[in-house]
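Architecture at a glance
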Amino acid sequence: LRLAQTCKRNALVDELKSAEVRNVDAWSKDLTRAIGNVEAFGDYFKEESYALLLAKSGLRVTLKPKGQIGPDLKVEVDGEEIYVEVSRFREDYNLRNKLALGTELQESVKLPERSEDLLTKIGREASQLVDGFPGIVLLHSDHVAIDELDFIQAIESKATPLSKASAVIFGSNWRSVGYNSYPMFWGFV
């Protein structure tokens, strides 16, 4: 695992540098500390995936623009700064195995309170954005029980706007091509 993640880290760093993403070396140190932890490494992999997607779209991207505390990305568009917080719902392997094996009826498997979990996570991530600048929460789900429909229901059910977030973008592995998954729903708050 550690060897595979080390090789992957080197490839990710090369991809980011070739796309002219800034502050890659500082981000790479954080990624190196995550080697050996599948979920933490996956979190950094999502940050890289979205940074790369934005950079390859012609935007200027900086990883960890405010250091350890604060948003994951700064994106510059026509001289304007937009801050982005990338987060993901981690896979629940126990739930996935129960559903896949059919060892329990679906009704007896406790599913997360999806709308509440989504809104809580969006609010927590939005709090890391920078005051006075447009901010985006980019949320990805690797969780078997949290998908685009849950996101739509959560956004439609919220009573008050989320502070600091100009938009929330949601993606999941339900829509993927090869190893790459892309956000399929844009929800503006």
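Report follows, based on the coordinates. Remember, predicted model here, so these are calculated numbers, not experimental data.

About the thresholds
- Along each chain, residue indices are assigned from 1 in the same order as the chain's sequence is written.
- For a predicted model such as this one, the threshold for reporting local features is a pLDDT of at least 70, and the threshold for listing and counting side-chain atom pairs is 80 or more; totals across whole chains, interfaces and linings nevertheless cover every residue.
- Neither water nor hydrogens contribute to the side-chain values; these are computed over all heavy atoms in the structure.
- Buried, partly exposed and exposed residues are distinguished by accessible area as a fraction of the type maximum, computed with a 1.4 Å probe on protein chains only: under 20%, between the cut-offs, and over 50%, respectively.
- Each helix is a run of H or I in the DSSP string that is no shorter than four residues. Each strand is a run of E no shorter than two, and both are numbered from the N terminus.
- The directions from the helix axis to the C-beta atoms are what the arc is built from.
- The contact rule is simple, with two residues in contact once any of their heavy atoms fall within 4.5 Å.
- Every axis corresponds to a line fitted to the C-alpha atoms, with the helix fit spanning only the stretch in contact, and the corresponding angles, defined between N-to-C directions, vary from 0 to 180 degrees.
- Our angle categories are set so that under 35 degrees counts as roughly parallel, over 145 as roughly antiparallel, 65 to 115 as roughly perpendicular, and the remainder as oblique.
- Handedness of a crossing is defined here by the sense of rotation of the near helix relative to the far one, left-handed for an anticlockwise turn of less than a right angle and right-handed for a clockwise turn.
- Any residue outside Ala, Val, Leu, Ile, Met, Phe, Trp, Tyr, Cys, Pro, Asp, Glu, Lys and Arg is labelled polar, Gly included; the first ten of those are nonpolar and the last four are charged.

1. Notes on helix H6 (residues 148-157)
Listed as buried for H6 are Glu-148, Asp-150, Phe-151, Ala-154 and Ile-155. Taken down its axis, H6 places every buried residue within 155° of arc, on the same side. Away from its buried face by more than 90 degrees, H6 exposes Leu-149 and Glu-156.

2. Quick word on the environment of Leu-16
Mapped onto the elements of the fold, Leu-16 is located in helix H1 (residues 2-18). Each C-alpha atom of the pair Leu-16 and Glu-48 lies 7.4 Å from the other, and the pair is 32 residues apart in sequence. Dropping the residues within four chain positions of it, Leu-16 is found in contact with Val-21, Val-24, Trp-27, Glu-48, Ala-51, Leu-52 and Leu-63.

3. Some details on the side chain of Ser-28
In this structure, Ser-28 sits in helix H2 (residues 24-34). Setting aside chain neighbours within four positions, we find Ser-28 in contact with Arg-9 and Val-13.

4. Brief notes about the packing of H1 against H2
At a minimum axis separation of 11 Å, H1 and H2 run at an interaxial angle of 165°. The angle between the axes of H1 and H2 places the two elements in the roughly antiparallel class. By crossing handedness, the relation of H1 to H2 is classed as right-handed. When H1 is examined against H2, the residues Gln-5, Arg-9, Leu-12, Val-13, Leu-16 and Lys-17 are found in contact with a partner set consisting of Val-24, Asp-25, Trp-27, Ser-28, Leu-31, Thr-32 and Ala-34. Among the residues forming the contact of H1 with H2, the class breakdown is seven nonpolar, three polar and three charged.

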